[in-house]
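Given next are the chains, with one letter for each unit.
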Amino acid sequence: MAYLIQPDYVQYFCTCGQIKPITNLYFCRHCLKVRCGFCICHEVDSHYCANCLENMPSSEARLKKNRCSSCFDCPSCFHTLSTRATYAPARQDPAAGDAKVENKQPKKMYYLSCFNCRWTSRDVGIPDQPVASGGWPERTNPFANRFGQLLEYFKAIAQQEKQDKLDKERKKYAIRGKYITLTDKTGLTGAMARTTAGLPSSESSSSAIANFVPSQAKEEVEELPEDYHTKEVNLKLITTMPQRLASPEWQAQLVSRLQPIARPLSVKRSQRCRRCDHNLTKPEYNPGSIKFKIELLAYYHVPEVKIISFETIKPGCTTELLLKLTNPTAHEMQISIIQPDEVPEVEEKEEPKSIEKSLEKSLNLEKDTSWRQVIERKPLLPTTIKLHKPELSFTLAQRDDAAEYDDDSHHETNDIILWRKSNKLALRLKVTTDEEAKVGSPAVAILALQYSYRNTVPPTANSPQTRDHVLYTTVAIHLGTVTQ
Amino acid sequence: MSHNVKILPGATVCEDCTLEGDITIGSGTVIHPRVTIIAEGGPIVIAEYCIIEEYSTIIHKKSDNQENPPKPLFIGAHNVFEVGCKVESIFGHIGEYNVFECRCFVGPDVKISSGCVVGASCKLSAPQTLVDNTVIWGSDHNIREALEKQPSQLLQLDFLSKVMPNYHRLRKPNGHKRQPSRQSTEAGK
Ligand SMILES: [Zn+2]
Ligand SMILES: [Zn+2]
Ligand SMILES: [Zn+2]
Ligand SMILES: [Zn+2]
């Protein structure tokens, strides 16, 4: 159960040991494991402006410093600015003479305004613009020059380091004498290889490093004004810290020096399982669309647990707990409730070692593959509240949207299963709280579900897959606090 | 007490609102349904071209040191009271071109000048004076000073006064009763 603004009463354990509500979890159909934002790989799919929904390739985004060129944020409250139109009164121009007649039509002028704090571009004296979008005066960064120098310098250093590494590698091979490097074999020189790779020549980079002037710390700094400590401060005239930090280039100290902030771009992300490299989510490219091409969310694959109600948890008492289980998949599910320590330990099968694989690895020396490692950890579970395991395993029908309209509750019910309806059922469970449980501490019951899962991934030639699996998930249920 | 309500010609006042006490509503002002205006501490005078939206409440509270005759509360022209706002004032005067955004609360000890904006859900309860063009917004009650007054809502007023009669029962203007109260207003100012 997950809510937008309420606490999460039911949380699931991710394979990596984090506890999250089901809506924050993913389910890899290839590894058959629950994954979360912490243990998957996030990739940037596309850049876009969340306000005007303009899409742009990453190279263009980098060129524009990841900011939209037509949208602005309020420098005062960071809300998006809107363009407002006014009719400027036609200026009375004494020199115009007869031309005045055709100029009578009031001219439409535009200014930027914030609907939240009502800041307007007029507040800081930015003149109204005759066109609705663009054309706003840009303020140049006073340190643009220095920034350029620094950028060039660091690029050159990165370039040189890369070169040094390459050289070292080559030397290593030369000493061993057994290997033929690419350059030896093909007769390519280092410089040629560099030009084919599109990297700048080493000469220009070395000159950039040589000509670079590091910044110098100054002993003498400008003195503070005499009245610095005595002058009364008008908070309405000076900017707040967040306002200054929002535009680090000029960090305006006075409200009158604030400038509209070009809106930072947003990205669409796709998520990838680190273990098997398959996509877990992939959004549609169109920024206006909130749909996904691939959407492997736990919510669609893992049985959902909701609390219907529960009795107050008291130390040394056995209380009842009503839960609702839902099968979100299109296949029947066999579920049994087990103790969390009964979940079998996942033994990690080591990849079968093959000579080809290691050879491949030796080729990709540069590539760091440590990010592929998946942390798998069993969390420490609170044990003060024990669940009475019902001697019962039950089937839960598949999700059937049409069944919502049927009105048949003539299913078998008993002491444990209170009702069934299409793919849902209600359970009555008993929990016993430890005598030692501290009054006032949060009451968390842990239960584990064993459920059957039918894999719908079409089997491929080299990985024959079984269709039916038995999977486990561990759920933490928050039952308020322990009370006397 | 509602017989003391004076509606000047040109004002649009919905029938489905609570008006208690001595209240004068200026021409061009639009009062939406479900509005509550209570003049218990003295008469309330609402000037021209104000918009008072649904569920907003304006109370002229009884103060401890009640003057005799009671001081009127004069609400200037072009004020906008947005949905669900609550204004309790014991000061005799609210300026013009103010905006009270949705669900804001202005306590009795707050003095409001002109061109001020009290942001949505902002609660002002401590005694204070908002100088001209003060803007308060956000849950942190950020304050800034605008350069100019808020633009008037004449287009919106025009639209409302045309559309409201089609969908709501309106109170009839009874402007002829206006003269005596107006004089007391001038005196109060
Ligand atoms: Zn995880
Ligand atoms: Zn944009
Ligand atoms: Zn703003
Ligand atoms: Zn996977």
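Source: prediction; values computed, not measured. (Residues numbered from 1 in each chain as written. Chains lettered and ligands numbered in written order. Predicted model: local features only at pLDDT ≥ 70, side-chain atom pairs only at ≥ 80, totals over all residues. Heavy atoms only, no water.)

Caption draft 1: How the structure looks around the overall build of chain A. Summing up its helical and strand segments, chain A has 7 helices and 22 strands in all. Taken across its 484 residues, chain A has 32% of its residues classed as buried. Considering only intrachain contacts with a sequence separation of at least 6, the fraction spanning at least 24 residues in chain A is 66%. (Helix = DSSP H or I, 4+ residues; strand = E, 2+ residues; numbered from the N terminus. Buried < 20%, exposed > 50% of the residue type's maximum accessible area, 1.4 Å probe, protein only. Contact = heavy atoms within 4.5 Å.)

Caption draft 2: A look at the sheet that holds strand S6 (residues 55-56) of chain A. The strand order across the open sheet formed by 5 strands is S6-S5-S11-S12-S13 (chain A), and the pairing between neighbours is antiparallel. Edge positions in the sheet fall to S6 and strand S13 (292-295) of chain A, since each of these pairs with one other strand and no more. (Pairing = 2+ DSSP bridges.)

Caption draft 3: Molecular detail of the coordination of the zinc ion (ligand 4). All names here are of chain A. Distances from the zinc ion (ligand 4) to its protein donors, namely Cys28 (SG), Cys31 (SG), Cys273 (SG) and Cys276 (SG), fall within the range 2.2 to 2.3 Å. Taken together, the 4 donor atoms coordinating the zinc ion (ligand 4) and their angles of 103 to 117 degrees define a geometry best described as tetrahedral. All donor residues of the zinc ion (ligand 4) come from one chain, and their arrangement in sequence is C-x2-C-x241-C-x2-C. You can see cysteine 28 sitting in strand S3 (residues 25-28) and its partner cysteine 276 sitting in the loop between strand S11 (266-273) and strand S12 (279-283), a full 248 residues away along the chain. (Donors = N, O, S within 2.8 Å, 3.2 Å for Na, K, Ca; no water. Tetrahedral: all angles 85-135°; square planar, octahedral: opposite > 155°, others 65-115°.)

Caption draft 4: Structural view of the pattern of salt bridges. Applying the stated rule across the entire model yields 17 salt bridges over all chains. Between glutamate 43 of chain A and arginine 272 of chain A there is a salt bridge, and its shortest N-O distance comes to 2.7 Å. Linking glutamate 43 of chain A in strand S5 (residues 40-48) with arginine 272 of chain A in strand S11, this pair joins segments that are 229 residues apart in sequence. Salt-bridge contacts for aspartate 123 of chain A lead to arginine 144 of chain B; the nearest nitrogen and oxygen are separated by 3.1 Å. Here the residue aspartate 123 of chain A occupies a position in the loop between strand S9 (107-114) and helix H2 (144-176), and arginine 144 of chain B occupies one in strand S19 (residues 142-145), the pair thus bridging two chains. Residue classification places aspartate 123 of chain A among the buried positions, given a relative accessible area of 16%. Residues joined in a network through salt bridges with shared partners are Arg122 and Asp128 of chain A together with Glu148 of chain B. (Salt bridge = Lys/Arg side-chain N within 4 Å of Asp/Glu carboxyl O.)

Caption draft 5: View of the sheet that holds strand S2 (residues 12-13) of chain B. All names here are of chain B. Strands sit in the order S2-S4-S6-S9-S12-S15-S18-S19 across an open sheet of 8 strands; the sheet is mixed. A single partner strand is all that each edge strand has here, and the edge strands are S2 and S19. Of the strand pairs in this sheet, strand S12 (residues 99-100) and strand S15 (residues 117-118) are connected by 2 bridges, and their pairing is parallel. In the strand pairing of S15, phenylalanine 100 is matched with valine 118.

Caption draft 6: Summary view of the coordination of the zinc ion (ligand 1). Donor atoms from the polypeptide that bind the zinc ion (ligand 1) are Cys14 of chain A (SG), Cys16 of chain A (SG), Cys36 of chain A (SG) and Cys39 of chain A (SG), placed at 2.2 to 2.3 Å. Because the angles between the 4 donor atoms bound to the zinc ion (ligand 1) fall within 106 to 115 degrees, the donor set is best described as tetrahedral.

Caption draft 7: Local environment of helix H1 (residues 154-167) of chain B. All names here are of chain B. Look at H1: 20 Å from first C-alpha to last across 14 residues, which is about the 20 Å you get at 1.5 Å a residue. Those residues of H1 lying buried are Leu157, Leu160 and Met164. Its buried side turned inward, H1 meets S2, strand S4 (30-31) and strand S6 (51-52). (Expected span 1.5 Å × (residues − 1).)

Caption draft 8: Molecular detail of the packing of aromatic side chains. All names here are of chain A. Counted by the stated rule, this structure contains 5 aromatic pairs over all chains. Plain terms: the ring middles of tyrosine 299 and tyrosine 300 are 5.8 Å apart, the flat faces sit at 70 degrees to each other, and that makes the pair edge-to-face. According to the relative accessible area criterion, tyrosine 300 is partly exposed, its value standing at 36%. Taken together, the aromatic side chains of Tyr153, Phe154 and Phe212 make up a single cluster linked through ring pairs. Its end group placed over the ring of tyrosine 111, arginine 122 keeps NZ or CZ at 4.0 Å from the ring centre. (Phe/Tyr/Trp six-rings, centres within 6.5 Å; stacked < 30°, edge-to-face > 60°. Lys NZ or Arg CZ within 6 Å of the ring centre and 35° of its normal.)

Caption draft 9: Region of the structure containing the interface of chain B and chain A. Contacts between the two partners involve 16 residues from chain B and, on the opposite side, 11 residues from chain A. Here chain B meets chain A over a buried area of about 1,100 Å², counting both sides, of which 45% is carbon and sulfur. Contact with chain A buries surface across chain B, with Trp137, Arg144 and Leu147 of chain B losing the most and accounting together for 47% of the total. Seen at the junction of chain B and chain A, the total is 3 salt bridges. (Buried area = accessible area lost by both parts, 1.4 Å probe.)

Everything listed is a geometric property; what it means functionally is a separate question.
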